[in-house]
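These are the residues of each chain, in order.
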Amino acid sequence: MDKKRREFLKIVGISTLAGLGAPAVFDRLVSGSHPVQARASATGAQGGAGGQQAAAAGHSQAAAGTGKRYGMVIDVRKFKQYPDLARECVRVCHAVHNVPHFPDRKEEIKWIWQTPYTSAFTEHSHYYRDEDLEQNQVLVLCNHCDNPPCVRVCPTKATFRNEDGIVEMDYHRCIGCRFCMAGCPYGARSFNWRDPRQGLDMNNLNRQFPTRMRGVVEKCNFCVERLGRGQIPACVEATGNTGAMYFGDLNDPDSEIRRVLKENFTIQRKPSLGTLPSVFFII
Ligand code: SF4
Ligand code: SF4
Ligand code: SF4
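Remember, predicted model here, so these are calculated numbers, not experimental data. (Residues numbered from 1 in each chain as written. Chains lettered and ligands numbered in written order. Predicted model: local features only at pLDDT ≥ 70, side-chain atom pairs only at ≥ 80, totals over all residues.)

Taken together, Cys154, Thr156, Ala158, Thr159, Cys174, Ile175, Gly176, Cys177, Arg178, Phe179, Cys180 and Val217 form the complete shell of residues around ligand 2. Of the residues that constitute the shell around ligand 2, the class distribution is eight nonpolar, three polar and one charged. (Near = placed C-beta within 6 Å. Nonpolar A, V, L, I, M, F, W, Y, C, P; charged D, E, K, R; others polar.)

Turning our eyes to something else, we now look at the pairing of strand 10 (residues 279–282). Relative to strand 10, strand 1 (residues 70–75) is paired through four bridges, and the arrangement is parallel. Each residue of the ladder has a partner; that of Asp75, found in strand 10, is Ile282. In this sheet, strand 10 lies alongside strand 9 (residues 266–267) in antiparallel orientation, the contact comprising two bridges. By the bridge assignment, Ile267 is partnered in strand 10 with Phe281. (Pairing = 2+ DSSP bridges. Helix = DSSP H or I, 4+ residues; strand = E, 2+ residues; numbered from the N terminus.)

Another aspect to go through is the pairing of strand 3 (residues 137–141). Side-chain direction in a regular strand flips from residue to residue, so the side chains alternate between the two faces of the sheet. The element strand 3 is extensively covered by neighbouring structure, given that four of its five residues are classed as buried. Of the strand pairs in this sheet, strand 2 (residues 112–116) and strand 3 are connected by five bridges, and their pairing is antiparallel. Residue pairing in the sheet places Gln114 in a bridge with Leu139 of strand 3. (Buried ≥ 20, exposed ≤ 12 C-beta atoms within 10 Å, placed from the backbone.)

What follows concerns the site of ligand 3. Every residue lining ligand 3 is accounted for by Cys93, His97, Trp111, Ile112, Leu141, Cys220, Asn221, Phe222, Cys223, Pro233, Ala234 and Cys235. Of the residues that constitute the shell around ligand 3, the class distribution is ten nonpolar, two polar and no charged.

We now examine unusual backbone geometry. The backbone of Lys157 sits at a positive phi, close to 65°, despite the residue not being glycine. Inspection of the secondary structure puts Lys157 in the loop between helix 7 (149–153) and strand 4 (159–161). Judged by the 14 C-beta atoms lying within 10 Å of it, Lys157 falls in the partly exposed class. Look at Leu276: it is not a glycine, yet its phi comes out positive at around 55°. In this structure, Leu276 sits in the loop between strand 9 and strand 10.

This next bit is on the sheet that holds strand 10. Sheet architecture is open: four strands sit in the order 8-1-10-9, paired in mixed fashion. Strands with a single pairing partner mark the edges of an open sheet, and in this sheet they are strand 8 (245–249) and strand 9. With five bridges connecting them, strand 1 and strand 8 associate as antiparallel partners. Bridge pairing in strand 8 places Met72 opposite Phe247. Running at roughly 120° to strand 8, helix 11 (residues 256–263) makes contact with strand 1, strand 8, strand 9 and strand 10 of the sheet. (Contact = placed C-beta atoms within 7 Å. Axes fitted to C-alpha atoms, helices over the stretch in contact; angles between N-to-C directions.)

Further remarks concern the nonpolar core. Ile74, Cys89, Ile112, Leu139, Leu141, Cys180 and Met245 are the most contacted members of the largest nonpolar core, which has 64 residues in total. Broken down by element, the residue count for this core peaks at six residues, all from helix 4 (residues 85–96). What Leu139 contacts, discounting residues up to four positions off in sequence, is Ile74, Phe79, Ala86, Cys89, Ile112 and Gln114. (Core = buried A, V, L, I, M, F, W, Y, C linked by C-beta atoms within 7 Å.)

Attention shifts here to the environment of Trp113. Here Trp113 is to be found in strand 2. On a C-alpha basis, the gap between Trp113 and Val140 in space is 5.6 Å, while along the polypeptide they are 27 residues apart.

With that settled, the discussion passes to helix 4. Given a rise of 1.5 Å per residue, twelve residues ought to cover 16 Å, and the 16 Å separating the end C-alpha atoms of helix 4 matches this to within 8%. Next to the buried residues of helix 4 lie helix 3 (76–81), strand 2, strand 3 and helix 10 (234–238). Looking one or two places after helix 4, you find Asn98, whose phi comes out positive at around 50°. (Expected span 1.5 Å × (residues − 1).)

Take a look at the structure:
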């Protein structure tokens, strides 16, 4: 384990013990209140924090169970070529998953969003960087890490890595302690400070996907409910034939995503932390 990773994992440990989540957990335990009334994740999967023994290196560790490891490739160049595409991906994802919209940034819930290149890739500095690249917004989401610190710090197994390598949420088990938010180095998780239904158009809900409740954490689920129906993730579908996004099994050498990875140079976010993101970017 290199020094940077050791330091990161130490910080996660400290956050867990003394960080923002601890008082919340304590309060919940003392008061006996449980804020979670949301329905279960669409798969109905429970617990099982697989992947905690992730290897310290490499990018193709097989998940426990099926041996699959779902991943994604995002071609940033294509989003520049089609400027409205990223907004459409966000719109579709949030509509399909009943993600509420709150204008106040402090209350914002996001599953997929755009962020400046320099924020997305803090470890990839370029001397005299191309201006276009620097000003480019990058579409980011949960990386469904192969070695996810959010899973490691969750005290209730409300967040867990499923048999296909997808990091899921079981809203029934979430006690709102936010340890996972402190543990995620990508800001990929949002906390429902308010009743999320207040930020939804109740006349246009997707009735096939659960709404959540105040006091639970949520994030991108790699469209696990759609995969179960034989569909691809909604954001990937929204990109059509542009080649802006690819999704598939990273452990299948014959998959399209493996071909794309082989033919293109890709980077991951904050690779030095050893989280082994399953989302790759063509810059
Ligand atoms: S990106 Fe964050 S929330 Fe997603 S699996 Fe990795 S550590 Fe967990
Ligand atoms: S998923 Fe819920 S219970 Fe688990 S760490 Fe996050 S906030 Fe706490
Ligand atoms: S994979 Fe699915 S849940 Fe994740 S950002 Fe794309 S549409 Fe949203």
